[in-house]
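Breakdown of the fold
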Amino acid sequence: MPETSVAHFYDELADDYHLIYADWDASMRRQGDALGALISLDRAAVLDCSCGIGTQAIGLALRGHHVTGTDLSPRATARAAREAAHRKVTLRTAAADMRSLPFPDARFDAVVCADNALPHLLTEQDVHAALAEMRRVLRPTGLLLLSTRPYDELLRSRPASAPPQVHRPADGGERTVTFQLWHWHEDGEHYDLEHFQLLPASGEWRVQVRRTVYWALGSDRLTGLVADAGFVDPRWRMPQETGFFQPLLMAHAGK
């Protein structure tokens, strides 16, 4: 049976993750700007609890925030730290599970869980555990910023694939193509994802395939889970409003 664990998926993807983007640095700045505009404090203490190779975390650090990045994947967090240093910003990183965050209570002004990371958790129990940890490490009235794919739409259409994304290096080198195949489970909510990358190799294509599983959490259901975890005033904001590429659920920790 193919390995589908989340940590394995992102360990395997860490070296090539930037190839998902047409221009990773531009995406990094754009996402950091969009998220940063929603954080009211200057130089806020921010936890990105699903930082991957640093797309959102580095973007926020470039805006002057004090960012800590954690992720299940040790290879991804190690790369995030290297990429931040290369761009001369500080990013503290650690390999950690969002269901058990290695920080004291009330440590952060904002917690970011972006880019469809939470739906890697496949049960309500696991989602609740992660949200409870995010609330625990937030200061009173601290801000949660959580983004997913537009699952209300996707649950209606149940697509079999995602559009290909093409990366061309800034120096005009050879293109890389990334695309996904989705295999929906009988429950209509969970799906297996096969992540394909076509990498140039001496005039040929080399194919890299990685596999993982997601839970397509609709907006109402996720809003309910966030409220059940003790957050207050949960509300969705759409990409046309925020400039972020996915729908964002914002909520406050409460007192």
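Values in this document were obtained by computation on a predicted structure and should not be read as measured data.

1. Some details on the overall build of the protein chain
- Scanning the protein chain for helices and strands turns up eight helices and 11 strands.
- Taken along its principal axes, the extent of the C-alpha atoms in the protein chain is 60 × 45 × 35 Å.
- Out of the 255 residues in the protein chain, the part that is buried amounts to 53%.
- Taking the 27 positively charged and 33 negatively charged side chains of the protein chain as two groups, their mean positions are separated by 6 Å.

2. Quick notes on the pattern of salt bridges
- A full pass over the atoms with the stated rule returns 16 salt bridges.
- Here Arg-87 and Glu-83 are joined by a salt bridge, their closest N and O atoms 2.7 Å apart. The exposure classification of Arg-87 matches that of Glu-83, with both residues buried.
- Linking Asp-97 and Arg-99 is a salt bridge whose minimum nitrogen-to-oxygen distance equals 2.7 Å.
- Judged by relative accessible area, which is 31%, Arg-99 ranks as partly exposed.
- Taken together, the salt bridges that share partners define one network made up of Asp-25, Arg-79, Glu-83 and Arg-87.

3. Focus on unusual backbone geometry
- The backbone phi angle of Asn-116 is positive, close to 65 degrees, even though this residue is not glycine.
- The residue Asn-116 is located in the loop between strand 4 (108-113) and helix 5 (124-137) in this model.
- Residue class for Asn-116 comes out buried when judged on its relative accessible area of 2%.
- Not every positive phi belongs to a glycine, and Asp-233 is a case in point at roughly 55 degrees.
- Here Asp-233 lies in strand 10 (residues 232-237).

4. Points about the sheet that holds strand 7 (residues 176-184)
- Spatially, 6-7-8-9 is the arrangement adopted by the four strands of the open sheet, whose pairing is antiparallel. Whereas interior strands pair on both sides, the edge strands pair on one side only; in this sheet they are strand 6 (161-167) and strand 9 (204-215). Each strand of the sheet is rotated relative to its neighbour by a mean of 15 degrees, with strand direction disregarded.

5. With respect to the pairing of strand 1 (residues 45-48)
- In strand 1, alternate side chains face the same way, and those of Ala-45 and Leu-47 on one face and Val-46 and Asp-48 on the other are all buried.
- Bridge count for strand 1 against strand 2 (residues 66-71) is four bridges, and the pairing is parallel. Within the sheet, the bridge partner assigned to Ala-45 lies in strand 2 and is His-66.
- Note on the crossover from strand 1 through helix 3 (residues 55-62) to strand 2: the handedness is right-handed.
- Note: strand 1 against strand 4, three bridges, orientation parallel. In the strand pairing of strand 4, Val-46 is matched with Ala-110.

6. Re helix 5
- With 14 residues, helix 5 extends 20 Å from end C-alpha to end C-alpha; this agrees with the ideal 20 Å at 1.5 Å per step.
- Among the residues of helix 5, those classed as buried are Val-127, Ala-130, Leu-131, Glu-133, Met-134 and Val-137. All buried residues of helix 5 lie within an arc of 155 degrees about the axis, which places them on one face of the element.
- Of the surrounding elements, those touching the buried residues of helix 5 are strand 1, strand 4, strand 5 (138-147), strand 9 and helix 7 (219-228).

7. A short note on the environment of Ala-81
- With respect to the helices and strands, Ala-81 occurs in helix 4 (residues 74-86).
- Between the C-alpha atom of Ala-81 and that of Pro-159, which follows or precedes it by 78 residues, the distance is 35 Å.

8. Re the nonpolar core
- Counting 45 residues, the largest nonpolar core has Ile-39, Val-46, Leu-145 and Tyr-191 as the members making the most contacts within it.
- The residues contacting Tyr-191, other than those within four sequence positions of it, are Asn-116, Arg-149, Tyr-151, Trp-182, His-183, Trp-184, His-185, Thr-212, Val-213, Tyr-214 and Ala-216.
- Core analysis: the second largest hydrophobic core is formed by 30 residues, Cys-49, Leu-131, Leu-222 and Phe-231 among them.

9. Some points on the pairing of strand 9
- Pairing geometry for strand 8 (residues 190-201) and strand 9, over 12 bridges, is antiparallel. The residue of strand 9 that forms the bridge with Ala-201 is Glu-204.
- Linking strand 8 back to strand 9 in an antiparallel pair, the connection comprises two residues, with Ser-202 at a positive phi of about 55 degrees.

10. So, the packing of helix 5 against helix 7
- Close contact between helix 5 and helix 7 brings their axes to 9 Å; oriented N to C, the two are set at 55 degrees. As far as their axial angle goes, helix 7 and helix 5 are oblique. Where helix 5 crosses over helix 7, the two elements pack in a sense that is right-handed. Two secondary-structure elements touch here, helix 5 through Glu-124, Val-127, His-128 and Leu-131 and helix 7 through Arg-221, Leu-225, Val-226 and Asp-228.

Conventions used here
- Residues numbered from 1 in each chain as written.
- Predicted model: local features only at pLDDT ≥ 70, side-chain atom pairs only at ≥ 80, totals over all residues.
- Heavy atoms only, no water.
- Helix = DSSP H or I, 4+ residues; strand = E, 2+ residues; numbered from the N terminus.
- Buried < 20%, exposed > 50% of the residue type's maximum accessible area, 1.4 Å probe, protein only.
- Lys, Arg positive; Asp, Glu negative; His and termini not counted.
- Charge placed at Lys NZ, Arg CZ, Asp CG, Glu CD.
- Salt bridge = Lys/Arg side-chain N within 4 Å of Asp/Glu carboxyl O.
- Pairing = 2+ DSSP bridges.
- Axes fitted to C-alpha atoms, helices over the stretch in contact; angles between N-to-C directions.
- Right-handed = clockwise from strand over helix to strand, strands pointing away.
- Expected span 1.5 Å × (residues − 1).
- Arc of directions from axis to C-beta.
- Contact = heavy atoms within 4.5 Å.
- Core = buried A, V, L, I, M, F, W, Y, C linked by side-chain atoms within 4.5 Å.
- Parallel < 35°, antiparallel > 145°, perpendicular 65-115°, else oblique.
- Left-handed = near helix turned anticlockwise from the far one by under 90°.

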